[in-house]
Amino acid sequence: MIEFKLNGETVSTGEDPNTPLLWVIRDTFKLKGSKFGCGAGLCGACTMHVDGVAVRTCILPVMAVADKNVTTIEGLSDTDDLHPLQRAWVAHSVPQCGYCQSGQIMSAAALLDNNPSPSAAEVESALAGNICRCGCYPRIKQAVLAASDAMPQFQNALSTRQEV
Amino acid sequence: MHIENVSRRRFLKTTAVVGGGVVIGFSLTGCSSPGPLPIELAEGGFVPNAFLQLLPDNTLRFYTPRDEMGQGVTTGLSTLLGEEFDFDPLDMDIRFAGVHEDYNNPGMGVQATGGSNATHAHFDQLRQVGANARALILAAAEHDLAIGQEQMSTDNGEILVGSERYPYGQFVKTAATLTPPTEAPLKAQSAFKYIGRESTRVDALAKSTGTAVFGIDIDLPGMHHAVVKRSPVAGAALQSFDAELVKTMPGVTDVIEIGSGIAVVAERYWQAKVAADALEVSWTSVPLSKVNSKTIRADYEVALTSNEALVPTDEGDVDAQWNSAEHVLEADYWTPFLSHAPLEPMNAVVRIQGNEAEVWSGTQGPVAAQGLVARFSGIDPERVKVHQTYLGGGFGRRGTLTHIIEATQIAVATGKPIHLLWSREDDLKHGLYRPASLMRLKAGVDAEGKILAWDAARAGGNISEDTIKNMMPALFPGLGDGMIDWTVGLAKGALKGWVTDPSSIEGLFEDYDQVHTRIKHTTINHGIPLTFWRSVGHSYTAFAKESMIDELALASGQDPVAFRLNNTQNKPRLQNVIRVAGEALQGMLPKQGHYLGFAAHHSFLTDVAQIAEVSVQAGRIHVHKVLCVVDCGIAVNPDIVRAQMEGAIMFGLTAALHGEHQIQDGEVMESNFDNYPILRMTEAPSVDVVIIPSTDKPTGVGEPGLPPIAPAVANAVYRATGQRLRSLPLRLA
């Protein structure tokens, strides 16, 4: 059995340890927000956080996350509110088909956690691994920059909550 | 409770109380529609027509007849209905309609989504539906409140009488007893409050939280996962395979032969995938097995000069103009096979229980999905329930549903609910493609820069043949295989011998004023499966046409904008977008080393002009900025118009800079995003969209932004480097 934390809850799985994390999350734990796009770590639709780092989970064996913290789009915001990125995504009507957006948001969230005020070039390079076939790139970039302005407040709310 | 057991007849004849809900039916078109509406009736719910159900608590369910693949049609159509019903689309509970004739695309006569026509085709219909329903609610309120309608107004789902507000839902019971009007008056454009409003998409929240449901997300009890191993060469037949090894692999329950290959079924997707990868299969050789990219191109070269070419257009006397023309130019343009590569790979879930079947999939043709499940399960189409989901990208790819055939065959053979998923490799190597084209253009201009004659030939495949082959079994599930083959053969013969598929040449010649025009077409299909690809023929004809126009302008010593203005006197709307873009161009001051390229094109009833700002550094083409001017009639949701222009530009840039399939021994060589790259954020230009204000009926938005971008970039590259690139993708020497 492989044990890890999934969106804050401890879970365990007896799946083949070589199974990519994406399929364990989707088929065993039934969280469908993370998507399958290429199976080769090339498009970023499957992006989750493993110990806070954005990772392509379609090529990451589940055994690699033993005893680690896995966060999916479903667990992105630990508050009752949406994550500032998600609010910016709605405000800018970012999604078209929407299929890649969980991965885009998870990559962007990892960026903002490490660099709360990125430049446009930093956003581009952080999201270069995420393909959007509908071509929402200009809006994704605008939304990440807009969300970065709201990050301090969000992080304050998070830390206040954790102290309680 | 479901109302599938209520016959449409009863619907029409009575105002019946069904399961605690009140339904009345009328057909908007006046035609009788067979079968019940696939609407789940809520307690006390009122269904005045196929598109809406109003609940006593004032919830409005809108059953959207078109499929949402990102183009924003759900927002657009709910806005049309909401405008006249007076109900904010952002407050509606929107659901995908099931299969029923009432949900047919009025522009196609079938329940399908494509061709950038939905807003245009539904513009009058859904506003009329909304207006009729509003009039009905007002009449019911007049009855219940004993107040004259002249004292009432409405505001977002409520009737206002003085300072009192009454939710629409309060009147559903009375409304159900009244005769619904059929021609309630429509608002003037000046009174629109939702149409033209700057507003977010109705699906933005679900798609920003991972909660939007796509076909791949369907998960049923007892469901098994299937992966199909297919021939590397399209059309090759199975020779032999060894199932013994993989049958013993973990989780594998079935290894079966189906029409398109070998299906491996397992309890988990990953188990099926690992087993299918381990499966050894051999295939027969077919004529396509001898085909390579080079031989295809060579065959097209020969075909261009074939005396068997059809001549769908021959106006004036083209050949008489060459001597009198000041400049005559001739050039060949090449565009390759392309994949749609929607980010969600093809998938379908099929469950068969007794003589009932269900299918879950995001498709551009729910009625075709129903027909295919019926045909390949032997179940009556009326007993096949289609659950439409969001589409993780369509672009034309999800109009052909061989994956639904596969899932049905596997479900029938195994008796299990089946979740079939294609890999990215399956998508790119076993897909349906945008046809490759070789186009030869010859044009002459007079001393004033007026185009005298336009002589264009195209060689390449037709999508119609494959479309007919794929659609016939879907639309006529009861027809025998022999009949289908015969009909398809007949249609193919007709296409080959008599007529040119319009989509093969659309956009090649129509936009400019020349009097003398000749179009030749030679069909040459090697067996690579073909289908509609975003903007279809325009995706390649615009590249040839607008590159040639640029060459003609330069040869004439004219500014490319002035040249186009001079030659679009008979196309005022196209001329206007060129003029507006040209004025904007005056104010664009490209940085040193940046160059501007111009292109314009009419497609899907919409006119678009684009300017690309490009630089070339170390042999690489960089597109920094795009200005896009669009006239699409009334912009129902201006922000979605902008988004579609942005998206189409990015889609077109992938084709302009990267997109190309190579064929080797009949096999498509590209397999994933490493060798079939998609434009990434680091390459994406900023885009400014200017929407021309209009009082005209809305026209296409999903596709028209694509055709001008490749020639706009190519024309800029010429200015940057002096190299005239006449093949896509653009590659510098």
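Residues numbered from 1 in each chain as written. Chains lettered and ligands numbered in written order. Predicted model: local features only at pLDDT ≥ 70, side-chain atom pairs only at ≥ 80, totals over all residues. Heavy atoms only, no water.

Quick word on the overall build of chain A
Consideration 1: Helix and strand counts for chain A come out as five helices and five strands.
Consideration 2: Scaling as 2.2 N^0.38, a compact globule of 164 residues should have a C-alpha radius of gyration of about 15 Å, and chain A matches this with 15 Å.
Consideration 3: By its C-alpha atoms, chain A is 40 × 40 × 25 Å across when sized along the principal axes.
Consideration 4: Per-residue burial for chain A yields a buried fraction of 57% across its 164 residues.
Consideration 5: Here the analysis covers contacts within chain A between residues at least 6 apart in sequence; of these, 60% occur between residues at least 24 apart.
Consideration 6: With the model as given, the accessible surface of chain A reaches about 6,100 Å², and the carbon-plus-sulfur share is 49%.
Consideration 7: Taking the average place of the 12 positive charges on the side chains of chain A and the average place of its 16 negative ones, the gap between the two points comes to 9 Å. (Helix = DSSP H or I, 4+ residues; strand = E, 2+ residues; numbered from the N terminus. Rg over C-alpha atoms; globule rule 2.2 N^0.38 Å. Buried < 20%, exposed > 50% of the residue type's maximum accessible area, 1.4 Å probe, protein only. Contact = heavy atoms within 4.5 Å. Areas by Shrake-Rupley, 256 points an atom, 1.4 Å probe, with all protein chains shown as cover. Lys, Arg positive; Asp, Glu negative; His and termini not counted. Charge placed at Lys NZ, Arg CZ, Asp CG, Glu CD.)

Some remarks on the overall build of chain B
Consideration 1: Counting its regular elements, chain B contains 18 helices and 29 strands.
Consideration 2: The C-alpha atoms of chain B give 27 Å as radius of gyration, which agrees with the globular expectation for 733 residues (27 Å, within 12%).
Consideration 3: Residues counted as buried form 62% of the 733 residues belonging to chain B.
Consideration 4: Contacts in chain B between residues at least 24 apart in sequence constitute 75% of all its contacts with a sequence separation of at least 6.
Consideration 5: For chain B, the computed accessible surface area is about 26,300 Å², with 52% contributed by carbon and sulfur atoms.
Consideration 6: Computed over 59 positive and 83 negative side-chain charges, the separation of the two mean positions in chain B equals 2 Å.

Thoughts on the interface of chain B and chain A
One frequently used descriptor of interface size is the decrease in accessible area upon assembly of the parts.
Consideration 1: With 57 residues of chain B at the contact, the number on the chain A side is 51 residues.
Consideration 2: The tally of links between chain B and chain A comes to seven salt bridges.
Consideration 3: Measuring nitrogen to oxygen at the nearest pair gives 3.0 Å for the salt bridge that ties B:D217 to A:R26.
Consideration 4: Where chain B meets chain A, there are 23 residue pairs in polar contact (both at pLDDT 80 or more).
Consideration 5: The element best represented in the side of chain B that touches chain A is helix α17 (residues 638-657) of chain B, accounting for nine residues.
Consideration 6: Grouping the amino acids of the side of chain B that touches chain A by side-chain chemistry returns 26 nonpolar, 17 polar and 14 charged. (Salt bridge = Lys/Arg side-chain N within 4 Å of Asp/Glu carboxyl O. Polar contact = N/O pair within 3.5 Å; in protein donor to acceptor, adjacent residues only side chain to side chain. Nonpolar A, V, L, I, M, F, W, Y, C, P; charged D, E, K, R; others polar.)

Some details on the sheet that holds strand β23 (residues 516-523) of chain B
All names here are of chain B.
Consideration 1: On the basis of which strands lie adjacent, the open sheet formed by five strands has the order β15-β23-β22-β21-β16 and mixed pairing. Edge strands, defined here as strands with exactly one partner in the open sheet, are β15 (310-315) and β16 (327-335). Here the average twist between neighbouring strands, direction ignored, is 10°.
Consideration 2: Across eight bridges, strand β22 (residues 451-460) lies against β23 in parallel orientation. Looking at β23, one finds that A457 is bridged to K520.
Consideration 3: Most of the contacts of helix α7 (residues 293-304) go to strand β21 (residues 437-445), to which it runs at about 40°, and overall it touches β16, β21, β22 and β23. (Pairing = 2+ DSSP bridges. Axes fitted to C-alpha atoms, helices over the stretch in contact; angles between N-to-C directions.)

Details of the packing of aromatic side chains
Consideration 1: Scanning the entire structure with this criterion turns up 15 aromatic pairs over all chains.
Consideration 2: An angle of 55° between the planes, with centres 5.1 Å apart, marks the rings of B:W533 and B:F651 as tilted. In this pair, B:W533 sits in the loop between β23 and α14 (538-555) while B:F651 sits in helix α17, placing the two residues 118 residues apart along the sequence. Each member of the pair, B:W533 as well as B:F651, is classed as buried.
Consideration 3: One aromatic cluster is present, built from ring pairs that chain together A:Y99, B:F96, B:F214 and B:Y390.
Consideration 4: Against the face of B:F395 rests A:R133, its NZ or CZ located 6.0 Å from the ring centre.
Consideration 5: Cation over ring: B:R127 sits above B:F123, and NZ or CZ is 4.0 Å from the ring centre. (Phe/Tyr/Trp six-rings, centres within 6.5 Å; stacked < 30°, edge-to-face > 60°. Lys NZ or Arg CZ within 6 Å of the ring centre and 35° of its normal.)

Description of the sheet that holds strand β2 (residues 9-13) of chain A
Residue and element names in this part refer to chain A.
Consideration 1: Here five strands make up an open sheet; going across it, the order is β2-β1-β5-β3-β4 and the pairing mixed. Single-partner strands in this sheet number two, and they are β2 and β4 (53-56). On average, adjacent strands in this sheet sit at an angle of 40° to one another, irrespective of strand direction.
Consideration 2: Pairing of strand β3 (residues 47-50) with β4 involves four bridges; the strand directions are antiparallel. Bridge pairing in β4 places M48 opposite V55.
Consideration 3: Against the sheet, helix α1 (residues 21-28) engages β1 (2-6), β2, β3 and β5 (69-71), with an angle of about 100° to β3.

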